[in-house]
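Understanding the architecture of this molecule
Single-letter residue listing:
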Amino acid sequence: MAKMKTNGERLPVVSVSGKVWHPKMGQAGRTTIEGNVVWVPGTGGITYNAKIGDCCVGWAADHLEPGVSIRHKDNDHNNALQILACIGNEAIVTSGEAKGAKGFVTGKHGGCDHVMVYFPMETLENLNIEDSILVKATGQGMELLDYPDITLRSMSPALLAKMKITARKGKLKVSVAKMAPASIMGSGIGVANTAGGDYDITLFDDEIKGAYGLGDLRFGDIVAIENADTRYGRSYRTGACTIGVVVHGDCVISGHGPGVATLMTSRLPLIEPVIDPKANLADYFL
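Below, the structure is looked at part by part. Model, not experiment: these values are computed from the prediction.

1. Quick look at the sheet that holds strand β12 (residues 171-176)
Taken together, the 3 strands give an open sheet; going across it, the order is β11-β12-β19, and neighbouring strands pair in mixed fashion. With one partner strand each, in any of the chains shown, β11 (165-168) and β19 (271-275) form the two edges of the open sheet. Averaged over neighbouring strand pairs, the angle between their axes works out to 30 degrees when direction is ignored. Bridge count between β12 and β19: 5 bridges; the pairing is parallel. Counterpart to Val174 in the pairing with β19 is Pro273.

2. A look at the packing of aromatic side chains
Scanning all chains against the criterion turns up 2 aromatic pairs. On the basis of an interplanar angle of 35 degrees and a centroid distance of 5.3 Å, the ring pair of Phe104 and Tyr118 is categorised as tilted. Separated by 14 residues along the polypeptide, Phe104 in strand β7 (residues 102-109) and Tyr118 in strand β8 (residues 114-118) bring together distant segments of the chain. Residue classification places Tyr118 among the buried positions, given a relative accessible area of 17%. Members of the aromatic cluster, connected to one another through ring pairs, are Phe104, Tyr118 and Phe285. Lying over the aromatic face of Trp21, Arg71 brings its terminal NZ or CZ to 5.8 Å of the ring centre. Just above the ring of Phe285 sits the side chain of Lys162; from NZ or CZ to the centre is 5.2 Å.

3. Section: helix α1 (residues 75-84)
Taken residue by residue, α1 has Asn78, Leu81 and Gln82 as its buried positions. Buried residues of α1, viewed axially, fall in a sector of 95 degrees; they line one side. Elements that come into contact with the buried residues of α1 comprise β1 (14-20), β5 (67-71), β7, β8 and β9 (132-137). Two or three places before Asp76, at the start of α1, stands the capping residue Asp74, its side-chain oxygen 2.9 Å from that residue's backbone nitrogen.

4. Observations concerning the pairing of β8
Of all 5 residues in β8, 5 are buried; the element is thus mostly enclosed. Because side chains alternate across β8, one face comprises the buried residues His114, Met116 and Tyr118, and the other comprises Val115 and Val117, equally buried. Sheet analysis places β5 next to β8, joined by 3 bridges and oriented antiparallel. Paired with Ile70 across the two strands is Val115, which belongs to β8. Pairing of β7 with β8, which is carried by 5 bridges, proceeds in the antiparallel orientation. Looking at β8, one finds that Gly107 is bridged to Met116. The loop that links β7 with its antiparallel partner β8 comprises 4 residues; one of these, Gly111, has a positive phi angle of about 90 degrees.

5. As for the environment of Gly8
Inspection of the secondary structure puts Gly8 in the segment before β1. Taking the C-alpha atoms as reference, Gly8 lies 39 Å from Trp59; in sequence the two are 51 residues apart.

6. Things to note about unusual backbone geometry
Of note, Lys169 is a non-glycine position whose phi angle comes to about 55 degrees, a positive value. Of note, Lys169 is situated in the loop between β11 and β12. Residue Lys169 is classed as exposed on the basis of its relative accessible area of 73%.

7. Brief notes about the pattern of salt bridges
Applying the stated criterion across every chain yields a total of 11 salt bridges. The salt bridge involving Arg30 is made with Asp62; its shortest N-O contact spans 2.3 Å. Residue Arg30 is located in strand β2 (residues 30-31), and its partner Asp62 is located in the loop between β4 (46-47) and β5; the two are separated by 32 residues in the primary sequence. Residue class for Arg30 comes out partly exposed when judged on its relative accessible area of 30%. The buried category is assigned to Asp62, whose relative accessible area is 1%. One salt-bridge network, held together by shared partners, links Glu90, Lys102 and Lys136.

Cut-offs applied
Residues numbered from 1 in each chain as written. Predicted model: local features only at pLDDT ≥ 70, side-chain atom pairs only at ≥ 80, totals over all residues. Heavy atoms only, no water. Pairing = 2+ DSSP bridges. Helix = DSSP H or I, 4+ residues; strand = E, 2+ residues; numbered from the N terminus. Axes fitted to C-alpha atoms, helices over the stretch in contact; angles between N-to-C directions. Phe/Tyr/Trp six-rings, centres within 6.5 Å; stacked < 30°, edge-to-face > 60°. Buried < 20%, exposed > 50% of the residue type's maximum accessible area, 1.4 Å probe, protein only. Lys NZ or Arg CZ within 6 Å of the ring centre and 35° of its normal. Arc of directions from axis to C-beta. Contact = heavy atoms within 4.5 Å. Polar contact = N/O pair within 3.5 Å; in protein donor to acceptor, adjacent residues only side chain to side chain. Salt bridge = Lys/Arg side-chain N within 4 Å of Asp/Glu carboxyl O.

What follows is the structure, given as structure tokens:
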């Protein structure tokens, strides 16, 4: 594993916070790609039985968020939480019965603008809606000094240190659990800010889903999106590559699917994904 030279000593560690956010649901339900209407759990709240390392496909749910979903009621403050919190940052409960318990950030979800946090089950049992969570945010703005054409987004120093990355002939080999083609990426395209939020791997094409083995995709999987440039937006570009993390579950709505938050991206062919079934946040942090 290569030790990446970064500007880590110049990265500030700052506090951002949110509250455990209540789920929202419309009376009309959600219309599936086949035209059916369903009423199922989705975003927000505390999800007790879905966590990083678990399969994110096949739940009776839509956009299911693993663990604890947090948000700030003030939009500007929530923008800071959504952008500055990085995958792997430490999170601390600061109010309620679970006060003092520690976890870490596992994802960011655009649209609802939630940040997802892992806590062990004993902490989940003591958490309540509106309990406050503080995140020690660091990582946004981190650079790979020897690879200026590779851009990092939402990558914490802690995660970078745990990822299996090797350097060879000017390129980085990065361990990923799965790969997906940019052609099946959906919701999130067209959004210019890739420091927050995610975009979705659509799984409605059974042929591609089977060819890439995406039926057992997991929350927390590190994945590679082929021919995807997500530096300043999300675009198809031949030779580009994006490394991201799966942050939420599969979806019933057309154009949606498991969400991927960008960790590393390049418009040039400088990133070589290597399949490793243990390239998951659960394997790295738990």
